[in-house]
Every structure is written in structure tokens, then in C-alpha cells.
Amino acid sequence: MSSNEQNNETPKAQIREGTNLKDFCDNLGVRAKDLINALRKEGLEVGVNQDITQEIAGLITKISGVAIEITSVEDEIKRLAASDPDELVSRPPVVTIMGHVDHGKTTLLDAIRESNIVNKESGGITQHIGAYRLDRKGHSITFIDTPGHEAFTRLRARGAKTTDIVILVVAADDGVMPQTKEAINHAKAAGVPILVAINKIDMAGADPDKAKQQLSKEGLLVEDWGGDVVSVDVSAKEKTNLDDLLEMVGLVNEMLELKGNPNVPAQGVVLEARLDAQKGPLATVIIQQGTLHPGDVFISGTHFGKAKALFDEHGKTLKEAGLSMPVEIMGFSEVPQAGDLFQVVSDLESAKRIASFRLSNLKKDTPLQKDAPLTLDQLFKSIEGGGTKELRLIIKGDVHGSVDTLNDILPNLSTDQVIIKIIHSATGNITERDIVLASASHAIILGYNIKPQQNILDLAKKEQVEIRTYDVIYQLMDDIKKAMVGLLDPVIKEIYLGRAQIKRVFHIPRAGEVAGCLVSDGKITRNADVRLIRGEEVIYEGRISSLKHLKNNVTEVKKDYECGIGLDRFKGIQEGDIIEAYTTEKVAPESL
Ligand code: GDP
């Protein structure tokens, strides 16, 4: 028998993340007590409610010879969804509009929405929830409502794929511009098909052919140019050819044959999240598998909750949310992060366990790297070392407006040396989750118009995460700019050491003036900074030039001992003066 065959015979067991010892034993038909005893012999003291971590799984394998694989809820839903091909149904496409600034992305999104919104008759006010859905000739299309590359890339960076088709908007009067190229690269990197919309054809200087020719140079050959990329000439402003554009979305979609299983526990991706004063944390999720219902218990990243209510983009409550639908969910325990996966699980107890399992893994798997910039001060030091650095930021603010503004302007401060990358931004106060993320990704947290709670500050300190809070945007920008060019002045924090009372003043030839003192509090050290205090007044600030105890040079004199102190370049000590000693420590300015 070859060793390979032997390997194949190794018994295997799969358990889901967040399974505790009791459930594991029940499933396998072994007594929990026996396993606990066996683990104890291996030096591990655990109870029946203990989650099975990778470490425990390894020990169980060692004891029993059963290879244990911890699977994610995501894997489980994926497996379930694919298990019965008969249950798969076509799902609507999710479309993102990308392109150069001012080429008309927002206008196009609005124009499409206005002419096609679902439930127009419901009279609901359209709200920004991150995506909207439209029905056209019985087919739905979901549009991601945040045009541009930032959201697309941010979601993708977190491993979330939400977009099925990219509409690349190119203004006919301007042609291919830097962000057009960037959009092409992003879509290609994500393997998402591109549909071109040549916009602003109503403009006097419009030259759609020139734009198409430029696109061909970027490797995007539209049909007129002998390629297979679909392209439609439109005017978002005049609402010209929008129907043709949607027709083409339908066509590209048919080729993609997108499918999902509506009958498994719902799974999706968080598109946007925010804190609502009345409703609490709200998140818009695009459903990718299954069907979500109010009352469903879910897990999202390291958060969990119970869907108290589901809303569409008109604020209308929904009884269910199906495949590719954007749905705003109320009932999160905390504001989740864009890009987090969202999955329905059977009950609150397992949701809690999975959340704590993920949180402990997140903390363990991401030890702090020594060379990673963690504070603005360290950032500068690392820039001095050469090369391009990335300053990763997490932005939290009181209102959407300010967070959006910072999202727009901060990345533009990037230079050849430092690239500013916002890895997460949201409204609401700084949460434990932000700290974990900052620690995991070596990011700095910027808070705008918010005051972090003490427990969060404590956690930040423990995790060595820098939090900076501001209430003026330009000050925030200023600090970031200064850090990038290395001008940030560190704040000097004073640490009190002790006091000495001057009993007599001696004049010693060559040595000069020496104060005969009694240390009345703390200690005086040779290297300390000192100030000479007379009454209320500080007479001198400087350093000690000599410190003696019984004629010997010493490094330190403690409370209740006498000593002789000489002050560096100072004359005029008087009896009754007080010498206060302190040291200083550099701390990152304005942090905490
Ligand atoms: P975005 O930065 O790509 O989202 O661009 P916007 O949608 O904000 O549009 C930029 C400017 O172009 C605005 O002043 C729009 O009114 C204008 N615009 C957008 N689409 C058209 C169009 O089809 N024709 C004309 N003439 N102007 C347009």
C-alpha cells in the first residue's frame, strides 16, 4: 500500500466555523467528557462550550487521528446552492457604472433611475441605499448607485465580487482619459465584461468615433471597430438611447447566464452601511444566493444580528429579498463594513459563536508587522527609509457628508512616495471592529466630529492602534500632509520625576554654584530635565550639570535623601527654591 493510499484512508471530519466541543462530540457520537480528558492530557484545559479553534482541531487530530477541517458558512452555502442543479434559476445582473470624472456617470445613473424606477406608483421617496433595481420588460437589473472606481475596488480588495457588468462611460467630447483607462484595468482585473456607453452625444464637439478609436488603443475593440465589445451612443442629459443601452445590458446578461439558488440560506455582500439615528445600524446587502426574510438570523463578518426589517430603495418594507436584489437590513448589532459577506444562519446562538470564532481568528492571524507604519510619526520614519509607502486610513465621522468629503479628498493627497488608501469609512463612532481592522491592516483611524468611548481608547492602546480625532477638516488634512512630508511635530509629554528643596547654596571654586538639597518627593536623576521654581515662578529650565550624594557622583537620589545639585549654565540659586525634575516622552501629536 502506497503512502498516498494510506493518506486517502485518513478519516476526515468537516466542522463549521464556530462549532463548540459539545456539538462536535454529539455529531460524532463521542462523549464530551472523554475528549475533554484527552485534551487535558495534552495540556489543554477546556469546557464543553469551548469553540473548536484551529489549535484544538489540531490536537483532536493528534489524539484521534481524525483530520478535522473547519469550513466557513460561505463554503457551506456555496455547496448547498450547487448541490441541486435543478434548483438554480437565472438571476438579474448587477451593473456598476465607471469612467472618467465628469463624463456623466451620475447623470446616467439618475436618468436611468428616473425613467425606469420600480414601484414608481408607490410614491416612496428615492433614498440612497447604495444600489437600486429596475424592471424592464419583465427583467430586473440592479445598478450599484455609487459610480466610480473607489467602491468597486474597495469591495474587490476585500474579496467581494458584486458586479456582473461594467458600463464604461466615455464622454464623446472628451474621449479616453486617465480614469477611463483605470476603469478598463479594474474591470479587466476583476474579469467583469465591459459595455461602453459613449455619452454626451448631444454636445457640439461630440466625436463618438474618435472616442471609439481611442478605446481600441486601450485594447477595447467595440463592434464598429471589428471587436466584440458592445457600445451604445447615448446622451444622459437628453435621455437619448437609454432604452438601447438597457437592451444591451440584457443582451450581455444573456451571454453570462448568471444563476443562483433561491432556496438556500441567503448570502450576500454588504455594499454600504451606516448608522441611523432611529433605526440603528443599517446595511445594504446585495443578495447573491437564497432568499432573505424578516426574522432571519445572520452573520456578517464578525457581526451578527436578526433582520428586524427589510427595506427597498424607496424605504418600503419588503417581505423578502431575492437574488441580486439590493436590500437595506435593520437589525445589525454594529455597523458592518462594506465588502463583508452576509450569511443567514439557523439561530442566534450559532451566529454569536461564529462571530466570536471569526473575531478570535482575525486577532490571531494578524500579528503586527514591525515595519508597517502604524502612526503618522512612524510613517515619516518609514518614508525616510525610501520606497513607496502606503498610508492606510479608516475614516469614521458623524455624518455622511463629511465622510464622503474625506473619502474624496484624502486619496488625492497621494504623492509618489506615499499612497493614501482608505480601507474603510463609515458614519458612526469608532467601534471594536474598527480597531481590529486597523490592527489587522496597519491602518490609522481618523475620527471626524466624534468622541471615541473609553473602552475603545483602551482597546486601541492595547492593539497599538493610533486614533486621531478632529473637528476641522483642514486640520485633519494638514496633519496628513505634514506627516507625508515629515513635518509633523511630535507632542512632548512630560513625566514628573520628583522635587528637591534647596536648603543651602554653596559656591565651589571651578565647579560653580551647587545647591544643597533635600529630595522631598519622588526622585532626582542625573539625566533629568529640571526647572527651578521660586514661589509661583519658574526661574530656570534646563538640565542638571552635577548630582552628588555625600561627595560621590550619583545617577539618582531618592526621597528623604540629601544631595548636591549643580544646574547647567545657571547662577543665582537661592535658599527655599525648589528644583523639579522630569523627563519627556515623544507621543504622536493629537492622538488619543
Ligand atoms: P460624473 O462625474 O461622471 O458622475 O459626471 P456627472 O454626471 O456629474 O456629469 C458631469 C457634467 O456633465 C454635469 O454638468 C452634467 O450635467 C453633464 N452631462 C452629463 N451627461 C451629459 C450629456 O449627456 N450631455 C451633456 N451635454 N452634458 C452631460
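For the structure itself, consult the block above.
Residues numbered from 1 in each chain as written. Predicted model: local features only at pLDDT ≥ 70, side-chain atom pairs only at ≥ 80, totals over all residues. Heavy atoms only, no water.

Participant: If you had to explain the site of the ligand to someone new, which residues and values would you point to?
Facilitator: Not every one of the 15 residues close to the ligand is listed here, only the nearest: D102, K105, T106, T107 and D202. A distance of 2.8 Å separates an oxygen atom of the ligand from a polar atom in the backbone of K105. In the environment of the ligand, an oxygen atom lies 3.1 Å from a nitrogen or oxygen atom belonging to the side chain of N199. Contact with the protein chains removes 76% of the 580 Å² of surface that the ligand exposes when unbound. A total of three residues in the shell around the ligand trace back to one element, the largest contributor, which is helix α6 (residues 105–116). When grouped by side-chain class, the residues that make up the shell around the ligand number three nonpolar, seven polar and five charged. (Near = heavy atom within 4 Å. Polar contact = N/O pair within 3.5 Å; in protein donor to acceptor, adjacent residues only side chain to side chain. Areas by Shrake-Rupley, 256 points an atom, 1.4 Å probe, with all protein chains shown as cover. Helix = DSSP H or I, 4+ residues; strand = E, 2+ residues; numbered from the N terminus. Nonpolar A, V, L, I, M, F, W, Y, C, P; charged D, E, K, R; others polar.)

Participant: So, the side chain of R113: which residues are in play, and what are the values?
Facilitator: Position of R113 relative to the elements: it lies in helix α6. A distance of 3.2 Å separates polar atoms of two side chains, one belonging to R113 and the other to D145.

Participant: Please give an account of the nonpolar core that cites residues and values.
Facilitator: By size, the foremost hydrophobic cluster in this structure holds 24 residues, and its most contacted members are L108, I112, F143, I167, L195 and L245. Among the elements of the structure, β4 (94–99), α6, β5 (131–136), β6 (139–144), β7 (165–171), β8 (194–199) and α10 (242–256) are those that each provide at least two residues to this core. Examining the composition of this core, we find that five residues originate from one element, α10, more than from any other. Listed in part, the 21 residues of the second largest apolar core include A500, V530, F570 and I579. (Core = buried A, V, L, I, M, F, W, Y, C linked by side-chain atoms within 4.5 Å. Buried < 20%, exposed > 50% of the residue type's maximum accessible area, 1.4 Å probe, protein only.)

Participant: I'd like a description of the sheet that holds β7, backed by residues and values.
Facilitator: Overall, mixed pairing links the six strands, which are arranged β5-β6-β4-β7-β8-β9 in an open sheet. Edge positions in the sheet fall to β5 and β9 (231–233), since each of these pairs with one other strand and no more. Along the sheet, successive strands turn relative to each other by an average axial angle of 25°, direction set aside. In this sheet, β7 lies alongside β4 in parallel orientation, the contact comprising five bridges. Counted as the bridge partner of I97 is I167 from β7. The strands touched by helix α9 (residues 208–217) are β7, β8 and β9; relative to β8, the strand with the most contacts, the crossing angle is about 150°. Against the sheet, α10 contacts β4, β5, β6, β7, β8 and β9, and its axis sits at roughly 145° relative to β7. (Pairing = 2+ DSSP bridges. Axes fitted to C-alpha atoms, helices over the stretch in contact; angles between N-to-C directions. Contact = heavy atoms within 4.5 Å.)

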